[in-house]
Amino acid sequence: GDSWGIFTFLCAALCNLPALPALNCSEELGAGQSIQQTYDLTRYLEHQLRTLAGTYLNYLGPPFNEPDFTPPRLARAERVPSATVDLDLWRGLTDNARLAANYRAYSRLLCYLRVLDGQVGTAELRHRLAHFCASLQGLVLSIGGVMSSLGYPLPAGPAAPPAPPGAPAAPNDFLKKMDDFWLLKELQTWLWRSAKDFNRLKKKVPPAVVTLRLEARGF
Amino acid sequence: SPPLSVSPAADPAVISPQDPTLLIGSSLVATCTVSPDFPLKAEDLYWTLNGRRLPAASYAALGPSTLSVALARLNGSRQQSGDNLVCHSRDGGILAGSCLYVGLPPEKPVNITCWSKNMKDLTCKWAPGTEGETFLHTNYTLKYKRRWYGQDNTCQEYHTAGTYSCHIPKDLALFTPYEIWVEASNRLGVAVSDVVMLDILDVVTTDPPSDVHVSRVGDLEDQLSVRWSSPPALKDFLFQAKYQIQYRVEDSSEWKVVDDVGNQTSCRLAGLRPGTVYFVQVRCNPFSIYGSKKAGIWSDWSNPTAASTPRSERVAGGCDPKGGEQNTTLRRELKQFFGWVKKHAYGCSNLGIKLYDQWRVWLQK
């Protein structure tokens, strides 16, 4: 109940951040709070995605909205960043590398979602998608904030590339439905794994003062 | 054999027709042709439509690796994104799919009504014109142009006053007839509404009156006095305003309308019941715009304001409905309580019977 209100508020605050200095109080204090915020945001997005995916898959129609549906990954070009990696490999990465992979993945996922928003049929879906994209944008900024506060450089390139990288659009409507299905599926897996990543990271970074610092942007 | 989960270089099969658009009731024969790289034959395939397996009786093998299916008298699409017709291998794996768009062409949009807020903009709404659904995504475009001037303009801001509405925010000329129409289009065709002709000055509305106050008239038990301010836009534009009041008792849904208020900003309601809470609303109609004789469009009603008529302390011989009695006892107690609060508690000056009345209005919403 109340927690979702706070997450939304944080989301809105983060989305309004033009740059990240507000999160740079002192390095250790900032990091702890940033990580907690990012974790919370990830959980909130997971929750939002459940509703969005449900609505969207109903729009695609059966069999896409059936519970055990798993279409083939037809490899025209693997556009969407895949969340399935070897778990040992993943855990073996440095914090920096893992954070950077998260940052890049969500940036690309965000721009695929934005393209979706432009094409989708019903007003309700467009509204939900727009809301989700705004929250996801907040997550990208939040991860950037964590990286900055830990002293890591941000991955090169713009935070959210304006056009989807490289690959051509799906050649027919059914293949496009499959692409959309996989986009949502991958998003789901990424968020699920990111939550675990940030939870683990939280324990590594010493906890800071428990007060929420909302000095920035007139709040 | 294990499910086909390997990602091959080419698409495993091709369906024809791919993503067709069809009229409701039409029939369709679709074919699924397996790619030569695949070790599958026609007899290894089956079809589903929206997740439901289609009967083998409707299949026909047109070649060693081509299976067709016959669909008769198609219903309107189950979802606007298209029905999912899928060609499967025996183990359930998906080889290819085609989205079927089955529906009807749009009908002429109807009932176009427009209004201008303070002569600054124009909002129009319309109705779709189809009794049932078209089953296909239908796009609506509102267009307008000045009569006798060639250029068509397209409205850009949709859904401002409901699904079928559009808002034109600027660059509108006054004293000029405009032609306005709506085009509906979907995959099966286009339909254009009849043209509506209007001058912005004919459809002007304004904001509801502000600062509506309702108060008692001394001790008179059957009267209330209503006062309000004219909407702010009035002073910027050359129009007059006429007003209408509606009021009702708290537990009734029947509004009484006072029509002959004219252009004053106050009015006295009479013939009311003593000791009763009334809800009052006022609205405004701009007329005589730039001297024309025509009326404009009534504004929305102001937010309801509440007040109660006094009741003399002498017990009248008349009958009160039971609910009314409970009400007045409660109100009397409340008033006494508020009086006491004012005397003994600091900073509670806003607490009073008026606030209680406003709360009751809010409860009714």
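Cut-offs and rules
- Along each chain, numbering runs from 1 in the same order as the chain's sequence is written.
- Chains and ligands are labelled by the order in which they are written, letters from A for the one and numbers from 1 for the other.
- For a predicted model such as this one, the threshold for reporting local features is a pLDDT of at least 70, and the threshold for listing and counting side-chain atom pairs is 80 or more; totals across whole chains, interfaces and linings nevertheless cover every residue.
- Excluding hydrogens and water, the side-chain values take into account all heavy atoms of the structure.
- Helical segments are the DSSP runs of H or I of at least four residues, strand segments are the runs of E of at least two, and each set is numbered from the N terminus.
- Burial classification: accessible surface area is computed with a 1.4 Å probe over protein chains only, and a residue below 20% of its type maximum counts as buried, one above 50% as exposed, and the rest as partly exposed.
- Whether two residues are in contact is decided by their heavy atoms: any pair within 4.5 Å suffices.
- For every accessible area listed, the method is Shrake-Rupley and the probe measures 1.4 Å; residues are considered covered only by the protein chains on display.
- Between N-to-C directions, angles cover 0 to 180 degrees, with each direction set by a line fitted to C-alpha atoms, over the stretch in contact for helices.
- Crossing handedness follows the turn of the near helix against the far one: under a right angle anticlockwise gives a left-handed crossing, and clockwise gives a right-handed one.
- Throughout, the ten residues Ala, Val, Leu, Ile, Met, Phe, Trp, Tyr, Cys and Pro are labelled nonpolar, Asp, Glu, Lys and Arg are labelled charged, and all others, Gly among them, are labelled polar.
- Stacked, edge-to-face and tilted are the three classes for Phe, Tyr and Trp ring pairs, Trp counted by its six-membered ring, which pair at centre distances within 6.5 Å; planes under 30 degrees apart are stacked, over 60 edge-to-face, the rest tilted.
- A helix's residues, less one, multiplied by 1.5 Å, set its expected span.
- Strand pairing is assigned whenever DSSP identifies at least 2 bridges connecting the two strands.
- A residue's pLDDT is the predictor's confidence in that residue, given on a scale from 0 to 100.
- What gets called buried area is simply the loss in accessible area from a 1.4 Å probe that two parts show on being joined, summed for both.
- Any pair of nitrogen or oxygen atoms within 3.5 Å is treated as a polar contact; in protein, a donor-acceptor pairing is required on top of that, and neighbouring residues in sequence qualify only through side-chain atoms on both sides.
- Note on terminology: disulfide denotes any pair of cysteine sulfur atoms within 2.5 Å.

K.L.:
Looking at this model, I keep getting lost on the overall build of chain A. Mind explaining?
P.N.:
What chain A contains, in helices and strands, is six helices and zero strands. Listed N to C, the secondary structure of chain A is α-α-α-α-α-α in terms of helices and strands. Counting the 219 residues in chain A, one finds 48% classified as buried. Once local pairs closer than 6 in sequence are excluded, the contacts in chain A between residues at least 24 apart make up 88%. Of the roughly 10,300 Å² of accessible surface on chain A, 58% is carried by carbon and sulfur atoms.

K.L.:
What's the story with the overall build of chain B in this structure? I'm lost.
P.N.:
Broken down by element type, chain B carries two helices and 26 strands. Residues classed as buried in chain B amount to 45% of the 365 residues present. In chain B, once contacts between residues fewer than 6 apart in sequence are set aside, the share between residues at least 24 apart is 63%. Surface exposure of chain B reaches about 20,100 Å², of which carbon and sulfur atoms provide 52%.

K.L.:
Can you help me understand the packing of helix α5 (residues 123-149) of chain A against helix α6 (residues 173-204) of chain A in this one?
P.N.:
If you want to describe how two helices pack, look at the angle between their axes and the distance between the axes. All names here are of chain A. Close contact between α5 and α6 brings their axes to 14 Å; oriented N to C, the two are set at 35°. In terms of crossing hand, the pair formed by α5 and α6 is left-handed. The residues of α6 that touch α5, namely those facing Phe132, Leu136, Leu139, Ile143 and Val146, are Leu187, Leu191, Phe198 and Leu201. Along the lines of polarity and charge, the residues of the contact of α5 with α6 split into nine nonpolar, no polar and no charged.

K.L.:
What is the right way to look at the packing of aromatic side chains in this model?
P.N.:
Pairs of aromatic rings are described using the distance from one ring centre to the other and the angle between the two planes. Residue and element names in this part refer to chain A. Summed over the entire model, instances satisfying the criterion amount to 13 aromatic pairs over all chains. With 5.2 Å between their ring centres and 80° between their planes, Phe69 and Phe181 make a pair best called edge-to-face. Placement of the pair is Phe69 in the loop between α2 (27-60) and α3 (87-92) and Phe181 in helix α6, with a sequence separation of 112 residues. Exposure class is identical for Phe69 and Phe181. Each is buried. Here Tyr106 and Trp190 contribute two aromatic rings whose centre-to-centre distance is 6.1 Å and whose plane-to-plane angle is 65°, an arrangement assigned as edge-to-face. A residue pair is termed long-range when its members are at least 10 positions apart, and Tyr106 in helix α4 (residues 95-119) and Trp190 in helix α6 qualify at 84 residues.

K.L.:
When you look at α5(A) in this model, what are you seeing that I'm missing?
P.N.:
Side chains of residues three or four places apart in an α-helix project in the same direction, reflecting 3.6 residues per turn. Here α5(A) is 27 residues long and its end C-alpha atoms lie 39 Å apart, about the 39 Å a rise of 1.5 Å per residue gives. After α5(A) finishes, the residue Gly151(A) shows a positive phi value of roughly 85°.

K.L.:
Help me understand the sheet that holds strand β7 (residues 66-71) of chain B in this model?
P.N.:
The pairing of strands in a sheet happens through backbone hydrogen bonds and is either parallel or antiparallel. Residues and elements named next belong to chain B. Pairing is antiparallel across the open sheet formed by four strands, whose spatial order is β1-β3-β7-β6. Looking at strand neighbours, the two that pair on one side only are β1 (13-16) and β6 (59-63), the edges of this open sheet. Going from strand to strand, the sheet's axes swing by 25° on average, the running direction of each strand aside. Bridge analysis of β1 against strand β3 (residues 28-34) gives four bridges, and the strand direction is antiparallel. Counterpart to Ala13 in the pairing with β3 is Val34.

K.L.:
When you look at the sheet that holds strand β9 (residues 94-103) of chain B in this model, what are you seeing that I'm missing?
P.N.:
Residues and elements named next belong to chain B. Strand order in the open sheet made by the five strands is β2-β9-β8-β4-β5, with mixed pairing throughout. Looking along the sheet, the strands with just one partner apiece sit at the ends: β2 (21-23) and β5 (52-53). Sheet topology note: the strand β4 (residues 45-49)/β5 ladder contains two bridges and is antiparallel. Bridge pairing in β5 places Leu49 opposite Arg52.

K.L.:
Help me out: how do you make sense of the confidence of the model for chain A in this one?
P.N.:
Low-pLDDT stretches of the model should not have their predicted coordinates read in fine detail. All names here are of chain A. Counting all residues, the mean pLDDT for chain A is 77, and 71% of those residues have values of 70 or more. Scored below 50 in pLDDT, residues 7-28 makes 43 contacts in the model with residues more than four places away or belonging to other chains. Taken together, the stretch residues 209-219 has pLDDT below 50 and engages in 17 contacts with residues farther than four places along the chain or on a different chain.

K.L.:
I would appreciate a short explanation of the pairing of strand β17 (residues 189-192) of chain B in the present structure.
P.N.:
Regular strands have side chains that alternate between both faces of the sheet. Residue and element names in this part refer to chain B. Of the two faces of β17, the one lined by Gly189 and Ala191 is fully buried and the one lined by Val190 and Val192 carries no buried residue. In this sheet, β17 lies alongside strand β16 (residues 177-186) in antiparallel orientation, the contact comprising four bridges. Bridge pairing in β17 places Asn186 opposite Gly189. Taking the residues between adjacent antiparallel strands as the criterion, β16 and β17 are bridged by two residues.

K.L.:
Sorry if this is basic, but what is going on with the interface of chain B and chain A here?
P.N.:
By a frequent convention, interface size equals the accessible area lost on bringing the separate parts together. Listed per partner, the contact involves 26 residues of chain B and 20 residues of chain A. A combined buried area of about 1,700 Å² lies between chain B and chain A, and 57% of that area is made up of carbon and sulfur atoms. Its largest share of buried area at the contact with chain A, chain B owes to Ser81(B), Asn84(B) and Ile94(B), together 28% of the area lost on that side. Connecting chain B to chain A are ten residue pairs in polar contact (both at pLDDT 80 or more). Counting only elements with at least two residues in the side of chain B that touches chain A, the list comes to β8 (83-89) and β9 of chain B. It is β9(B) that contributes the most residues to the side of chain B that touches chain A, six residues altogether. Classifying every residue of the side of chain B that touches chain A gives nine nonpolar, 13 polar and four charged.

K.L.:
Looking at this structure, I do not really get the state of the cysteines. What am I missing?
P.N.:
Note: disulfide means a covalent bond formed between the sulfur atoms of two cysteine side chains. Residue and element names in this part refer to chain B. Inspection of the entire model under this criterion finds three disulfides over all chains. Each disulfide pairs two cysteine sulfurs, and for Cys114 the partner residue is Cys124, the sulfurs being separated by 2.1 Å. In this structure, the disulfide formed by Cys114 and Cys124 twists by about 105° around the S-S bond and is classed as right-handed. Here Cys124 lies in strand β11 (residues 122-127) and Cys114 lies in strand β10 (residues 110-117), a separation of ten residues in the sequence. Here the two residues Cys114 and Cys124 agree in accessibility, since each one is buried. Between the sulfur of Cys155 and that of Cys166 lies a disulfide, 1.9 Å long from S to S. Across the S-S bond linking Cys155 and Cys166, the dihedral sits near -100°, which makes this disulfide left-handed. Of this pair, Cys155 sits in the loop between β13 (153-154) and β14 (157-158) while Cys166 sits in strand β15 (residues 165-168), and the two are eleven residues apart along the sequence.

K.L.:
Explanation requested: the confidence of the model for chain B in the structure shown.
P.N.:
Residues and elements named next belong to chain B. Mean pLDDT over chain B works out to 86, with 89% of the residues at or above the 70 mark. The least confident element of chain B, judged by mean pLDDT, is helix α1 (residues 322-344) at 70; the most confident is β3 at 97. The low-confidence segment residues 1-8 (pLDDT under 50) makes twelve contacts with residues lying over four places distant or belonging to another chain. We note a pTM of 0.73 for the whole complex and an ipTM of 0.75 for its interfaces.

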